[in-house]
Amino acid sequence: MSAGTATARTATASANSNIALIKYWGKTDDLLHLPTTSSLSLTLDETWTTTTVSFDGGADGQDVVTINGVGVEGTARERVHRFLSLVRERAGLGQDEAASVVSTSTVPLAAGLASSAAGFAALAGAASRAAGLDLDARALSCLARRGSGSASRSVFGGLVRWNRGTDDASSFAEPVPCALDLAMVVIALDAGAKAVSSTVAMRHTMRTSPLYPAWVEASAADLAEALEAAASGDLERLGAVAQANALGMHATMVAARPAVLYWRPGTVAVLHEVERLRRDGLPVWATMDAGPNVKVLTDTAHAGAAAEALAGLLPGASVTVRRGGEGIRYEQPGS
Ligand code: DP6
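Residues numbered from 1 in each chain as written. Predicted model: local features only at pLDDT ≥ 70, side-chain atom pairs only at ≥ 80, totals over all residues. Heavy atoms only, no water.

**Section: the nonpolar core**
Here comes step 1: Grouped together as the largest cluster of nonpolar side chains are 46 residues, with contacts concentrated most on Trp25, Val53, Phe55, Leu84, Val87 and Leu123.
Here comes step 2: Secondary structure elements with two or more residues in this core: β1 (10-22), α1 (74-91), α2 (115-130), α3 (137-147), β8 (159-162), α5 (198-208), α6 (212-232) and α7 (235-254).
Here comes step 3: Among the elements that take part in this core, α2 stands out by supplying 8 residues, more than any other.
Here comes step 4: Apart from the residues lying within four places of it in its own chain, the contact partners of leucine 84 are Val53, Phe55, Asp63, Ala99, Val101, Leu123 and Ala127.
Here comes step 5: Judged by nonpolar contacts, the second largest core, of 22 residues, contains Leu40, Leu42, Ala230 and Trp285. (Core = buried A, V, L, I, M, F, W, Y, C linked by side-chain atoms within 4.5 Å. Buried < 20%, exposed > 50% of the residue type's maximum accessible area, 1.4 Å probe, protein only. Helix = DSSP H or I, 4+ residues; strand = E, 2+ residues; numbered from the N terminus. Contact = heavy atoms within 4.5 Å.)

**Observations concerning the domain arrangement of the protein chain**
Here comes step 1: Assigned domains within the protein chain: domain 1 (10-177) and domain 2 (182-323).
Here comes step 2: Look at where the C-alpha atoms of domain 1 and domain 2 centre, and you get two points 23 Å apart.
Here comes step 3: For the pair domain 1 and domain 2, the summed buried area comes to about 3,000 Å², and 69% of that belongs to carbon and sulfur atoms.
Here comes step 4: Of all residues in domain 1, Leu21, Lys23 and Trp25 give up the largest surface area on contact with domain 2, accounting jointly for 28% of the area buried on that side. (Domains from an automatic or database assignment. Buried area = accessible area lost by both parts, 1.4 Å probe.)

**Looking at the pattern of salt bridges**
Close approach of charged atoms lets side chains of opposite charge pair.
Here comes step 1: Applying the stated criterion across every chain yields a total of 17 salt bridges.
Here comes step 2: With a closest N to O distance of 3.1 Å, arginine 237 and glutamate 228 form a salt bridge.
Here comes step 3: For arginine 278, the salt bridge identified is with glutamate 275, shortest N-O distance 2.9 Å. With arginine 278 and glutamate 275 both in helix α8 (residues 265-279) and 3 residues apart, the pair spans about one turn of that helix.
Here comes step 4: When salt bridges with common partners are traced through the structure, they connect Arg90, Arg145, Arg146 and Asp168 into a single cluster. (Salt bridge = Lys/Arg side-chain N within 4 Å of Asp/Glu carboxyl O.)

**Some words on the site of the ligand**
Here comes step 1: Among the 17 residues in the neighbourhood of the ligand, the closest are listed as Tyr24, Arg79, Ser148, Gly149 and Ser150.
Here comes step 2: Contact between the ligand and arginine 153: an oxygen atom at 2.7 Å from a side-chain N or O atom of the residue.
Here comes step 3: Note that an oxygen atom of the ligand is positioned 2.9 Å from one of the side-chain N or O atoms of serine 198.
Here comes step 4: Taken by itself the ligand offers 460 Å² of open surface, and the protein chains cover 94% of this.
Here comes step 5: Among the elements that line the shell around the ligand, the one with the most residues is α5, at 3 residues.
Here comes step 6: Classifying every residue of the shell around the ligand by side-chain character gives 6 nonpolar, 6 polar and 5 charged.
Here comes step 7: In this structure, the shell around the ligand is formed jointly by two domains, domain 1 (10-177) and domain 2 (182-323), each of which donates at least three residues. (Near = heavy atom within 4 Å. Polar contact = N/O pair within 3.5 Å; in protein donor to acceptor, adjacent residues only side chain to side chain. Areas by Shrake-Rupley, 256 points an atom, 1.4 Å probe, with all protein chains shown as cover. Nonpolar A, V, L, I, M, F, W, Y, C, P; charged D, E, K, R; others polar.)

**Focus: the pairing of strand β7 (residues 100-105)**
Here comes step 1: Sheet analysis places strand β4 (residues 39-54) next to β7, joined by 6 bridges and oriented antiparallel. Bridging across to β7, threonine 51 finds its partner in serine 103.
Here comes step 2: Relative to β7, strand β5 (residues 64-67) is paired through 4 bridges, and the arrangement is parallel. Directly across from valine 64, in β7, lies its bridge partner serine 100. (Pairing = 2+ DSSP bridges.)

Here's what the structure looks like:
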């Protein structure tokens, strides 16, 4: 393509991953990705995806997707293609104006470490700009949501609430006040691709788990409590409600028929160690997503000690400290 011409439709955006403290698990609308509950997350530093989208005809007139140098095929490519089709429609581009998408990601893909959140937020930013759409942050959050629900939150930095909303325009994320300097210790037991995707697992849980309605009902109060705790700087209250909400979400999965069990022996070992450390005075609480890995919520003052205590527990597990990170950013063309 003619990258140097004034008409080159190309843009580059980077977005960080986020980890929910109050979870999103289930949709009322599968097409629009409207969630059953509002959720709250921390955008992390040092885990991001950078994506360049060029409406350059793609390869043989088809959208072509490369992640970390490897061509993407199958359902993952189809998901990106559907998202690009939405952007083309919004921007008034022809559906024959295929794109090349080139991504680099520091997040292990599909391992319950929020790769789709960073991935679709960066894709939404780059694709919308490349297509000539000038979206404000809220509209961008709505667009990112159409790629992956949790991506709506990665548009923003720090602590972020995704309002579940009732339609496409009212289901967006926004930053919320936080008087704490939050950090997460990420214990990656197994960075391999997960057995069941979050999209599939949440649908199955909604349909078959008798515990699901109870979790949804508890979630509104959990969110209110978490927001208050964060705004008032109460780490203990925030940690306790975040852990309860995450384990409750996993309880809904375990009760699904058949069960969705992401836990491994190492997962349980980390959960017990977190309890022990907290009894010994460290402010640490666990949260988990659609995979076996555990993320430990604490503050920056205690993150180093928590990481050190958890590092020796499981041979082969990687333990890293993440602080709060920034929202979406763009590369200037030519820079
Ligand atoms: C467990 O955003 O990956 O991480 O909207 O179907 O793409 P889709 O699902 P996704 O689900 C994330 C679920 C979670 C909890 C959370 O991030 O809130």
